[in-house]
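# A structural walkthrough
Listed below are the residues making up each chain.
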Amino acid sequence: MSSVTPTAAAPGGRATSAPLLGRDHEPTIFEFSSEGRRSFSFRTTGLPEWTAEELVPAGYLRPEPVALTEVSERDLVAHVTRLTHRQYSVDLGAYPLGSCTMKYNPKLCDDAASLPGLAAVHPATPAALAQGWLELLWSLGDSLCEVTGMHACTLQPPAGAAGELTGLLLMRAWHESRGERRTKIIIPDSAHGTNPASVTLGGYQTVTVPSDERGLVDLEALRARLDSDVAGIMLTNPNTLGLFEEDIAAIAEAVHEVGGLLYYDGANLNAILGVTRPGDMGFDIVHMNLHKTFAVPHGGGGPGAGPVAVSERLAEFLPGPVPARGDDGTFAWRTPSRSIGRVHTWYGNALALARAYSYILANGGDGLRRVAEGAVLNANWLRHRLRGTYDLPYDRPNMHEFVASTTTLKKDRGMRALDVGKRLLEKGFHAPTVYFPLIVDEALMIEPTETESPETLGALADALIAIAGDEPGEGAAAPRTTPVGRVDEALAARVLLPTWDAVAAHDAS
Amino acid sequence: MNVPDDLNYTSDHEWARSEEGGGLRVGITDYAQDALGDIVFVQLPEPGAKVSAGDSFAEVESTKSVSDIFAPVSGTVTEINQDLTDAPQRLNEDPYGEGWLCVIVPDTDGAEPELLDADGYRKLIES
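Attention here is on the structure that accompanies the text. (Residues numbered from 1 in each chain as written. Chains lettered and ligands numbered in written order. Predicted model: local features only at pLDDT ≥ 70, side-chain atom pairs only at ≥ 80, totals over all residues. Heavy atoms only, no water.)

All names here are of chain A. Here the structure, examined in full by the defined rule, presents three cavities of 30 Å³ or more. Computed from the structure, the largest cavity encloses a volume of approximately 70 Å³. Together, Leu 137, Cys 153, Thr 154, Leu 155, Gln 156, Pro 321, Val 322, Pro 323, Trp 333 and Tyr 347 line the largest cavity. For the lining of the largest cavity, the secondary structure elements donating two or more residues are strand 1 (152–154) and strand 8 (322–325). Of the residues assigned to the lining of the largest cavity, the class counts are eight nonpolar, two polar and no charged. In this structure, the second largest cavity encloses a volume near 50 Å³. For the second largest cavity, the full set of lining residues is Leu 241, Leu 243, Arg 383, Leu 392, Tyr 394, Arg 396, Asn 398, Phe 402 and Val 403. Split by residue class, the lining of the second largest cavity holds six nonpolar, one polar and two charged. (1 Å grid on protein atoms, 1.4 Å probe; cavity = no way out; pocket = protein on both sides within 12 Å on 5 of 7 lines; lining within 4 Å. Points joined across faces, edges and corners; volume = space filled by probe spheres on them. Helix = DSSP H or I, 4+ residues; strand = E, 2+ residues; numbered from the N terminus. Nonpolar A, V, L, I, M, F, W, Y, C, P; charged D, E, K, R; others polar.)

Residue and element names in this part refer to chain A. For Thr 154, the location among the structural elements is in strand 1. You can call Thr 154 buried: its relative accessible area is 1%. Here Gln 156 takes part through its backbone nitrogen, which lies 3.1 Å from a polar atom of the side chain of Thr 154. (Buried < 20%, exposed > 50% of the residue type's maximum accessible area, 1.4 Å probe, protein only. Polar contact = N/O pair within 3.5 Å; in protein donor to acceptor, adjacent residues only side chain to side chain.)

Residue and element names in this part refer to chain A. Burial along strand 6 (residues 285–288) is two-sided: the face carrying Ile 285 and His 287 and the face carrying Val 286 and Met 288 are both buried. As judged from the three bridges shared by strand 6 and strand 7 (residues 308–310), these two strands associate in the antiparallel manner. Across the sheet, residue Val 286 finds its bridge partner in strand 7, namely Ala 309. (Pairing = 2+ DSSP bridges.)

Looking now at the interface of chain B and chain A. At the interface, ten residues of chain B touch seven residues of chain A. Regarding the contact of chain B and chain A, the summed buried area is about 690 Å², with carbon and sulfur atoms giving 61% of it. Area buried by chain B at its contact with chain A is led by Val 40, Thr 63 and Lys 64 of chain B, which between them contribute 60% of it. For the interface between chain B and chain A, the tally reads one salt bridge. A salt bridge links Lys 64 of chain B to Glu 442 of chain A; its shortest N-O distance comes to 3.7 Å. Along the lines of polarity and charge, the residues of the side of chain B that touches chain A split into four nonpolar, four polar and two charged. (Contact = heavy atoms within 4.5 Å. Buried area = accessible area lost by both parts, 1.4 Å probe. Salt bridge = Lys/Arg side-chain N within 4 Å of Asp/Glu carboxyl O.)

Turning to the pairing of strand 9 (residues 331–334) of chain A, a few remarks are in order. All names here are of chain A. Of the strand pairs in this sheet, strand 8 and strand 9 are connected by four bridges, and their pairing is antiparallel. Pairing of Arg 325 across the sheet is with Phe 331, part of strand 9. Counting the residues that bridge the hairpin from strand 8 to strand 9 gives five residues, and of these Gly 329 lies at a positive phi of roughly 85 degrees.

Attention now moves to the sheet that holds strand 12 (residues 443–446) of chain A. Within a sheet, neighbouring strands are paired by backbone hydrogen bonds and run either parallel or antiparallel to one another. Residue and element names in this part refer to chain A. The strand order 10-12-11 describes an open sheet built from three strands, whose pairing is antiparallel. Because the sheet does not close on itself, it has two edges, and the strands there are strand 10 (402–405) and strand 11 (433–434). Note that strand 10 and strand 12 share four bridges and pair antiparallel. Counterpart to Phe 402 in the pairing with strand 12 is Ile 446. In this fold helix 12 (residues 350–386) packs onto strand 10 and strand 12, with an angle of close to 20 degrees to the strand it touches most, strand 10. (Axes fitted to C-alpha atoms, helices over the stretch in contact; angles between N-to-C directions.)

In structure tokens, the structure reads:
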């Protein structure tokens, strides 16, 4: 009889074993092009053929065809597969990229979104023939309202930033319906960069309110900025330092007192799921990043989903159409009476919405609360492990993320936040967010999420602590084990060459 | 950190040099360029633009962040450093020379600007 000696489990989220066959430069898809090569062709179609000139009026025809790449299916698949092997991803290992909530998405959600009954339905299908889809969207909206403490919801915005703009347009419509033309939106100095960008896009002026020594909105400074010209305030709670805005009730009261509205940036909603709700804090408008809080693929430019939920007084301004349930239990599309109009085609990125809904159903209310509890516990545990190694400018109980700093390490041995991030890649983890929020010098913004095991968290902490003991200068050489080493970000930004032929021309000159 | 004795400074890390003809040449300090890191883009006002002391009138983008630049005085922009469009790195390489941002002619009726001297600015960045 043999016995197995119990040992600690290996960390599942450390990716140092990721295989690579070589470090050669991977050509762009255009460099594989060979004239006349095709990925797919119909052997026979039986259909008549037309030329472009027969189908398109001459005025709309290009004089020359577009220079598309011509590659075989075999080469295309090999190229894309090699590229995927060069990527770090949530599926590969831990991804503590602060503010981005890079949590693992269960494969169950992929499965739900690929059901033919969902994926094969055209969005123009009459409502009577797509009752299942309408019920799904209505139920998702209902769940999101319950999670946020709001009254009604639009699922159209295709991303968080689109949700922000939608929220600001709702604010404008609300004030204008009351005959008011307000011009200013207040934003904390720790805010996400999308907030002031959305404010500008929405035609408002940004007024910045500073953070106090606790890292929270300075209430007195906020009061000094409030007047009848303020349309509203945009807040993340917890904020980008991972701290809960304890004075939120007083903030809400002060903003409402001057007739302003409160906008909740849902970027950090993962931290409070099932524990507290923006609606209960006094917010009027909420956007949710379904990819952060629930389960939609991250990055790559979409398709994403950034639904916006509002309190009762704003419900009739929502973009339409929205799914509505009739008294007989059937569903129909309805456009709110004072709708600001569409913010996206059809009903948003519907399969991303289906994916998020499957996540909500699979977790249930109690499971969603455990998501938040796990996220907060993991982030606090990691902060405690790093105390004494990294500076912790706001060393108090945090929510789902925290901000450390290399100010002392930089002064003592020239180690910058960027170097720590690059060294962490060599240790098999994605880097944290660096140099954000802007109010912290040499910031490392770390969000481990609820999906990493204690073993992975321990390995991540060990790696960060080991890096802090590096010989001076070692960080500047990293990363040395990745397919691409340290890139010249400054040159890439100064000399913007967005296409492969522009790069070739630049290199030749 | 290089803090030339013959310049005036703001607490927001801009410098100002009095020119013949009454204009003020304005830029960001060595401390500011070091803190910002590699600068990749500079947005300047149009010549002729009116600026107000303490208000943002330009933007500097580095690989880390985008920062507002605040006017040290109220006045009119008479000249801008066009070279920065193609060579924003001048701000890193030579913040007090080729990396200047613009020339502002102060309003004659404006209040005397409250600027720091070199010693005052050194104390500020060392604190």
